[in-house]
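# A closer look at the structure
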Amino acid sequence: MWDKKENEKDFKPSGPPPAAPRVETPSYVPMSVPPLSASSSSAKGRAANIGTSLFIKGEVSGSEDLTVEGRVEGRIDLKDHNITIAASGRVNAEIHAKSVTVVGEVTGNINADDKVEIADTGRLTGDIHAPRVAISDGAQFRGNVDMVRDRSAAQSVAGIKERVQAQVQTHTQSQTQTASQGKAAAAQI
Amino acid sequence: MAAGLATRMFRREGGAGAPATDTPKGPPPAVACPLLRPFLKRVERVQPSPSLLLFGEMCGANVSFLGARGLRISVEGSPVEPQAYSSGFSGALLWDHLSRLRPEAAVRWVAGLSDALVQGGAVLAFFPPVNATGDATRSRFRISSEELVAREPVGERAPVPGSYQNREIIRLFGAFNLDLLHTHRSGDREVLFFKA
C-alpha cells in the first residue's frame, strides 16, 4: 500500500504544485451535432438532414431522426422518430413524429407521441397535440394545445371519479343517519 | 452603536457603495392570485372537455400547466378581435390584456368574447390600480400554482390607454355576471366573471 503511494508520487510532474485543484480542459472541442450532408444520412446515428438549399414539396416519411434546415411543404411523417426544425428551417406541413423541436418556423398542425418543444426563436402557427408541451419564453405561437392523449379515456376516468365521490357521499350520509338513529335509540333506553 | 446599525441597514438595502452583484437577479417572486383557483374550478365544470382561451404575453409554462390539467388551450397572443375565434370555449384568461386596449375597443372586444364562450363560461382579468397613468411595461403572468402567479415585466414601456373604476369594469362586462373581485395591496384588481 505504501509502495503504491510512492509510485503515484513518482508519476507527478516535477513543477510547483497547483494552488487549487482545477478541471483539465480537453484539447479538442466536442461537436454537439455531427456534420451531416444534405443528401446522405448517417447509418450509425440514424439521423438525416434536409439542408438549407433544399426545398421539398410533398410527403416526407422515414424511420430515422430528421433535421430540417431547408424548406418543406406538404406532410412529414416520422412515427417513432424525432424531428428538429432548425433556425433556418421553414416548414409548411402537417407533422407527425415522436418528438418535435421547433427552432425555426412551422405553419401546420403538429401531432407528437411524446413531446413538442418550441425554442425561444421558434415560431409555430398551428395546433399541437402531444402529451408534453414545452414553449420557451419569447417563442411565437398561435393555435390550440391539446395535451390529453386519449380524451375519451380521460372522460371515463373523470366519470369514474364522480361516481366514486357520489358513492362516498351517500355512504357517509347513511353512516351519519345510522349513528343518529343509534344515538336516539340509546337515549330512549 | 446607532451608526453601526445604520451602516448595516444601508448595506442590506444595497446602497451606492454596494457592488452590483449584491442585488439578487432572478425571476420575480410569485404572489397570491386568489381568483385563479375559483376560475379554474368554474372552467372545468362548465363542459366535459373544457377549453380555454389564453391572451396576453405568451408564457409556455402556463400552457404546460393548464394543458396538464386536461384543458384544451387556445393561445391568442395577438390582440385579434374575439369575433374571429370559434365559439364554444369554457373560459378565457385575459390577464392584463384589456387594460392595453382603448376603452371603446375594449367594449367591442368583450362583446365578441361573450360570443366565444359557452353559457357559464368564466373570464379572469387583471386591471391596474385606478389612478394608474402614464407609461407602464406589459407583464407576463407565470402561473406557479393554483394560487400563485409571478408577474414579469416584458418589453418597453408603453402608455396605458385608460384606467377603470370597479363600476366601469362591471359595466364593461355587461353581458357577464360578476362572481368575485379582489383588490391587491398594490391596487391591482382581479375580477372573475361568468357568462349569464
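None of these values were measured; they are calculated from a predicted model. (Residues numbered from 1 in each chain as written. Chains lettered and ligands numbered in written order. Predicted model: local features only at pLDDT ≥ 70, side-chain atom pairs only at ≥ 80, totals over all residues. Heavy atoms only, no water.)

## Describing the overall build of chain B
The test is simple: Per the convention used, a helix needs a DSSP run of H or I reaching at least four residues, while a strand needs a run of E reaching at least two, with both numbered from the N terminus. Exposed residues in this analysis have more than 50% of their type's maximum accessible area, buried residues have under 20%, and partly exposed residues fall in between, with area computed by a 1.4 Å probe over protein chains only. The contact definition used throughout considers only heavy atoms, calling two residues in contact when any of these lie within 4.5 Å. Where accessible areas are quoted, they stem from the Shrake-Rupley method and a 1.4 Å probe; at the residue level, only the protein chains shown are allowed to cover.
A tally of helices and strands in chain B yields five helices and nine strands. Going from N to C terminus, chain B has its helices and strands arranged as α-β-α-β-α-β-β-α-β-β-β-α-β-β. Of all 196 residues assigned to chain B, the portion counted as buried reaches 44%. The contacts in chain B between residues at least 6 apart in sequence include a share of 69% that link residues at least 24 apart. Surface exposure of chain B reaches about 10,000 Å², of which carbon and sulfur atoms provide 54%.

## Digging into the pairing of strand β5 (residues 117-127) of chain B
Quick note on the threshold: A right-handed crossover is one whose linking path, passing over the helix from the first strand to the second, runs clockwise when the strands point away from the viewer.
For β5(B), the tally of buried residues reaches 10 of 11 residues, placing the bulk of the element in the interior. Handedness of the crossover is the feature at issue here: the chain leaves strand β4 (residues 89-95) of chain B, passes through helix α4 (residues 103-116) of chain B, returns alongside β5(B), and the resulting connection is right-handed.

## Some remarks on the nonpolar core
Rules: We define the nonpolar core as a collection of buried residues of types Ala, Val, Leu, Ile, Met, Phe, Trp, Tyr and Cys that are connected through side-chain atoms lying within 4.5 Å of one another.
In this structure, Ile76(A), Ile83(A), Val100(A) and Phe39(B) are the most contacted members of the largest nonpolar core, which totals 53 residues. Element by element, the count of residues in this core is highest for strand β5 (residues 90-102) of chain A, at six residues. If near-sequence neighbours (up to four positions away) are discounted, Ile76(A) is found in contact with Val60(A), Leu66(A), Ile83(A), Val91(A), Ala93(A), Glu94(A), Ile95(A) and His96(A). Within the second largest apolar cluster, 24 residues are counted, among which are Leu113(B), Val123(B), Ile169(B) and Leu172(B).

## Structural notes on the packing of aromatic side chains
The condition that has to hold: Only rings of Phe, Tyr and Trp enter the pairing, Trp through its six-membered ring, and a pair is recorded when the two centres are within 6.5 Å. The plane angle decides the type: under 30 degrees is stacked, over 60 is edge-to-face, the rest tilted. Only Lys NZ and Arg CZ are tested; either one counts as a charge over a ring when it is within 6 Å of the ring centre and within 35 degrees of the ring normal.
As enumerated under the stated definition, the model contains seven aromatic pairs over all chains in all. Arranged with centres 5.6 Å apart and planes meeting at 50 degrees, the rings of Trp95(B) and Phe126(B) form a pair that is tilted. Of the two residues, Trp95(B) is situated in strand β4 and Phe126(B) in strand β5; the sequence distance between them amounts to 31 residues. The exposure classification of Trp95(B) matches that of Phe126(B), with both residues buried. Their ring planes at 70 degrees and their centres at 5.3 Å tell us that Phe127(B) and Tyr164(B) sit as a pair that is edge-to-face. Separated by 37 residues along the polypeptide, Phe127(B) in strand β5 and Tyr164(B) in the loop between β7 (148-159) and α5 (166-172) bring together distant segments of the chain. Its relative accessible area of 9% is what places Tyr164(B) among the buried residues. Arg71(A) extends its terminal NZ or CZ atom over the ring of Phe55(A), reaching a point 4.3 Å from the ring centre.

## Description of the sheet that holds β7(B)
All names here are of chain B. Stated precisely, the cut-off is as follows: Paired strands, as defined in this entry, are two strands with at least two bridges between them according to DSSP. Comment: axis = line fitted to C-alpha atoms, over the contacting stretch for helices; angle = value between 0 and 180 degrees taken between N-to-C directions.
Spatially, β1-β7-β6 is the arrangement adopted by the three strands of the open sheet, whose pairing is antiparallel. A single partner strand is all that each edge strand has here, and the edge strands are β1 (30-32) and β6 (135-143). Strand after strand, the sheet turns through a mean of 50 degrees between neighbouring axes, direction not considered.

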